[in-house]
Amino acid sequence: MANPIVELGKAGQSVWYDQMERALLTSGRLKGMIDEDDLRGLTSNPTIFEKAIGGSRDYDDALEALARKGADRDAIYEGLVLDDIGRAADVFAAVHDSTRGVDGFVSLEVSPLLAHDTVRTIDEAKRLFGLLGRRNVMIKVPATDEGIPAIEELIAAGLNVNVTLIFARAVYAKVMEAYLRGLERRAGRGEPIDAIGSVASFFVSRIDTRADAAIRRKIESAGDPAVRRELESLLGQVAIANARLAYQLFEKTFSGPRWDALRSRGARVQRPLWASTGTKDPSYSDVMYVESLIGPDTVNTIPPKTWEAFKDHGRVAPTLEKDLDRAGAVLENLEKLGISLDRITDELTVDGVRSFADSFESLMRTIESRREAVLRAVSGREVASLGKARARVDEALATLARQHIVERIWKKDPSVWKDEPAGREQISGALGWLDAPEWTLGKADEIASFAESVRTEFAHVVVLGMGGSSLCSEVLRNAFGPRSGWPRLLVLDSTIPAAVRALEKSIDPDRTLFIAASKSGTTTEPLVFQKYFWNRVSERKGERAGRNFIAITDAGTPLHDQAVREGWRAVFLNPPDIGGRYSALSLFGMVPAAVAGIDVRAFLGRAMGAREACSPSVPAEENPAAVLGATMGALAREGRDKVTVVASRSLGALGLWIEQLVAESTGKEGRGILPIALEPLEAPSAYGEDRIFVRIRMQDENDEAEATRLRELESAGHPVLERVLRDPLDLGDEMFVWELATAIAGHLLSINPFDQPNVQESKQNTRRLLDEFVSRGSLPGPTPLGAGEAIRLSGDPKWAAGGTPPEVLAALFATARPGRGYVALLGFFRETAERNRIVASIRSELMRALRVATTFGYGPRYLHSTGQLHKGGAGDGLFLQVTAEEGADVPIPGEPFGFSVLAAAQAQGDFDALASRGRRALRVDLDDVDRGLAALRDAIAQAVATSAGR
């Protein structure tokens, strides 16, 4: 029985294979198809390579080898693809020779991202052709308005060109004209034209897909049965009619004196290549686009499924010039019935370019994710020493894979976390952070342009924010440090009057850009900060004060309206589906970064790399976010619900960012993961079996004493993870991994990680207290508590009734749960290095004596961080709130109270919220912060000694 594919060749049509994958080469199947089926060429495109590289493990060894040599994503792409194309061209070399250069071609596409750039398309085509160095390679160029002049230039330069994405006959005519002009230019220079090969890829089945959809819509609305029948007669007819009429253009173009002159110099016709010949509609014959377009001087590039079908039952007959009158009538009737073929082909060209670009970008992301995985393994970027906990983590990873959790998260499926309608709706509106790196990268030019415009005008940039809107800036400020030639980045997130005064003293308001950052546009702290500094700048600049202010917020918020009304320099509107603590890689983090001179494109590029390393295509056990999230979530369920972040010197603030992200996301419904930042590292005897340790360090910051202590903790049975950053830009990667890991941990804990139900309570208490201050002129006392639940101490060195300081503290600490609970120190005073040192010594004392975890947060920052877990978590914490007044108050313009009253109301509001939940809380008011902290440290040392002796 004759082979139908071989018979096509005898009918004058060459068959090329629309597929490229490494297995074709390594298995010998490509050579077999040439020998047995008279296969005469091969085409590739970005979608084909996306499926080949992303959908198989055939490229892993080569990719790993290139990554280990330091190749970047682009170099790896070229290494893999050019190797495939070059080897395939070598297999087809004999075909090229035997057909005297008519066939035996292998096609490679110029990056579809260049489809609208003539000059770069020309340069890239020449570069790829030169790198491959084979005469039987064709470079594919799309038939866009910008691509057509590139085609002429490349033909004139002597390259073989496969013109792709041709849908319209008018465009096809331009393509043939470009080919002829290129040959004529070359011939005019006396250069040979007899070895140039070119095909024009005319797409077929996609036209029917689009036309049939339009026809069916017309059928549904047609009231006249005759019109419906006429419309129905057009189904499945448009694409073939269009192709047959295009072939008539081909025959006309390549005949007559103009062509004869070129043919006499050895020129070959630019054959029409029928592309997209797989049948999309299952009601049609699976070989209709092959059987209907058979004729001389043509190529059909057949995809694998259609290849097998045609080889099995295809029929060969000269059909290309059959029923030409019918073809013309089909297209005329289509227009008569109100369906524009021109509009369809224009849309298909745009969609085709976009589709190939999307596939190309997806392929590049896949390569980046595989590259990142190799680099992580090579560099020891992520090392997990889990000991006995390994089995639990592996079990959790297997469950994540079995339930497709990572894939469902990427699909933004709210049922990953909650099933009830209200929960699903809230979660659905909070998953924009998954797309934030890509979305913000799309804004990078706008952000960079703004940053450049203010670069020399300001000496400082101050973020006026709280929690998620400011902590990323704090991390970057510490990690990157001041950038030469750029404003210095500062952050104000404290309502303590002394902190406001200290910041103001460190800047010149005239030369400071203030960034008011608030998602809701109603957050108290940034609003009062903005009022204060607006007043200061207005005193100097009057109506020009707005030039010193920008806003980052959601659209339509009061802050947005105010900024527009007052003529602020700029307003940056963030997507509404990105929550505060997940906003680091959005405008909230990246605008301040850019203004401070940080390369946000590179930073977001690292985040994009993490995005790919964490994609659903990566196995769970290799997915860094899945591993981290499974470790936190699975071990929290086993009692190891405290994640101790051990960060190197320049990354200390990263612990605070992680603290907010994890605590506010997971601390609810009576459970949660307590992140612990900036805690001194002690000997194993200071810890219970409730810890996970995560060391995060810069590659060049390796504290040997710290490393030794962690090895001791690992030997004692504590899970220890290590994460190594190559440079500060890797924070983009790290932040995305932690965001996704926290979401995964939330799933394992069966909570919604995107709400904060208990944060509002402290805010409401604060508002109530401020209202009482306005009406009474003073704040009321704290909420009365039951005996023994909490005691308020006041004064330094005097302490209120209820016992001596050590006795009162000892009573509190006697309720500690060694190895399980925690002590939270909550400070409402200005931060200084010396105060941090004293607090660290207090934490060490508590850890060693009570064997409990310790946290410390400056108020009001901690209200937007661990505050949610304090009230919504398991209730196993002891809370020691320390307040003080430092110096004179600082008035807030337009408000009947100053910063000292606001800070006092925030402290008392939170203390009342803790009390209302029966938390074991103690408040200490200090008359003098530094002397008082030292006295408190001594009293705690005595108290824990007393508690330990009971």
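Right above here is the structure, for reference.
Rules used in this analysis
Residues numbered from 1 in each chain as written. Predicted model: local features only at pLDDT ≥ 70, side-chain atom pairs only at ≥ 80, totals over all residues. Heavy atoms only, no water. Phe/Tyr/Trp six-rings, centres within 6.5 Å; stacked < 30°, edge-to-face > 60°. Helix = DSSP H or I, 4+ residues; strand = E, 2+ residues; numbered from the N terminus. Buried < 20%, exposed > 50% of the residue type's maximum accessible area, 1.4 Å probe, protein only. Pairing = 2+ DSSP bridges. Axes fitted to C-alpha atoms, helices over the stretch in contact; angles between N-to-C directions. Polar contact = N/O pair within 3.5 Å; in protein donor to acceptor, adjacent residues only side chain to side chain. Contact = heavy atoms within 4.5 Å. Expected span 1.5 Å × (residues − 1). 1 Å grid on protein atoms, 1.4 Å probe; cavity = no way out; pocket = protein on both sides within 12 Å on 5 of 7 lines; lining within 4 Å. Points joined across faces, edges and corners; volume = space filled by probe spheres on them. Nonpolar A, V, L, I, M, F, W, Y, C, P; charged D, E, K, R; others polar.

Notes on the packing of aromatic side chains
Each aromatic ring pair is characterised by the separation of its centres together with the angle its planes make. Here the structure, examined in full by the defined rule, presents 32 aromatic pairs. Centre to centre, the rings of Phe-480 and Phe-603 are 6.5 Å apart; their planes meet at 50°, and the pair counts as tilted. Residue Phe-480 is located in helix α23 (residues 471-480), and its partner Phe-603 is located in helix α28 (residues 600-613); the two are separated by 123 residues in the primary sequence. Residue classification places Phe-603 among the buried residues on the basis of a relative accessible area of 0%. The rings of Phe-514, Phe-529, Tyr-532, Phe-533, Trp-534, Phe-549, Trp-568 and Phe-899 are connected pair by pair, giving a single aromatic cluster.

Some points on the sheet that holds strand β15 (residues 642-647)
Within a sheet, each strand pairs with its neighbour through backbone hydrogen bonds, oriented either parallel or antiparallel. Here we have five strands laid out as an open sheet, ordered β9-β18-β17-β15-β16, and mixed in their pairing. Of all strands in the sheet, those with a lone pairing partner are β9 (382-385) and β16 (674-677), marking the two edges. Put simply, the sheet's adjacent strands are angled 20° from each other on average, direction ignored. Pairing geometry for β15 and β16, over four bridges, is parallel. Residue pairing for β16: Thr-644 is matched across the bridge by Ile-676.

With respect to unusual backbone geometry
Along the chain, Gly-859 connects to Pro-860 via a cis peptide bond; the corresponding omega equals 5°. Here Pro-860 lies in the loop between β21 (853-858) and α36 (867-872). Although it is not a glycine, Asp-323 adopts a positive phi angle of roughly 55°. Mapping Asp-323 onto the fold places it in the loop between α15 (304-313) and α16 (324-336). Take Asp-323: its relative accessible area is 45%, and that puts it in the partly exposed class.

Looking at helix α8 (residues 147-156)
With respect to burial, α8 is a largely interior element, eight of its ten residues being buried. Among the residues of α8, Gly-147, Ile-148, Ala-150, Ile-151, Glu-152, Leu-154, Ile-155 and Ala-156 are the ones counted as buried. Once α8 finishes, Gly-158 follows within two positions and takes phi at roughly 90°, a positive value.

Examining the environment of Arg-726
Within the secondary structure, Arg-726 sits in the loop between β18 (720-725) and α32 (731-748). As a C-alpha pair, Arg-726 and Arg-697 span 29 residues in sequence and 8.8 Å in three-dimensional space. Within the local environment of Arg-726, its side chain forms a polar contact with the side chain of Asp-730, the two groups lying 2.8 Å apart.

Quick look at the sheet that holds strand β5 (residues 161-166)
Strand order in the closed barrel made by the eight strands is β1-β2-β3-β4-β5-β6-β7-β8, with parallel pairing throughout. Strand-to-strand twist across the sheet, computed as the mean angle between neighbouring axes with direction ignored, equals 30°. Pairing between strand β4 (residues 137-142) and β5: four bridges, direction parallel. Bridged to Val-141 within β5 is Val-163. Along the sheet face, helix α7 (residues 118-132) touches β3 (105-109) and β4 and points at about 165° away from the line of β4. Sitting on the sheet, helix α12 (residues 238-253) touches β6 (198-203), β7 (271-275) and β8 (298-302), and the angle it makes with β7 is about 165°.

Focus on α32
Taking 1.5 Å per residue, 18 residues should reach 26 Å; α32 reaches 25 Å between its end C-alpha atoms and fits that length. The element α32 is largely enclosed, with a buried count of 18 among its 18 residues. Among the residues trailing α32, Ser-750 stands out with phi positive, at a value near 60°.

Brief notes about the layout of surface pockets
Considered as a void within the structure, the largest pocket measures approximately 1000 Å³ in volume. In this structure, the largest pocket is lined by 48 residues; those nearest its centre are Ser-520, Thr-523, Val-759, Lys-763 and His-864. Listed by contribution, the elements that provide at least two residues to the lining of the largest pocket are α25 (524-541), α30 (652-666), α33 (759-776) and α37 (899-916). Considering every element that reaches the lining of the largest pocket, the biggest residue donor is α33, with eight residues. Split by residue class, the lining of the largest pocket holds 17 nonpolar, 21 polar and ten charged. At the level of elements, α23, β11 (488-492), β15, α30, α31 (704-715), α35 (833-850) and β21 are the ones that each hand at least two residues to the lining of the second largest pocket.

No statement about biological role is implied by the geometric values presented.
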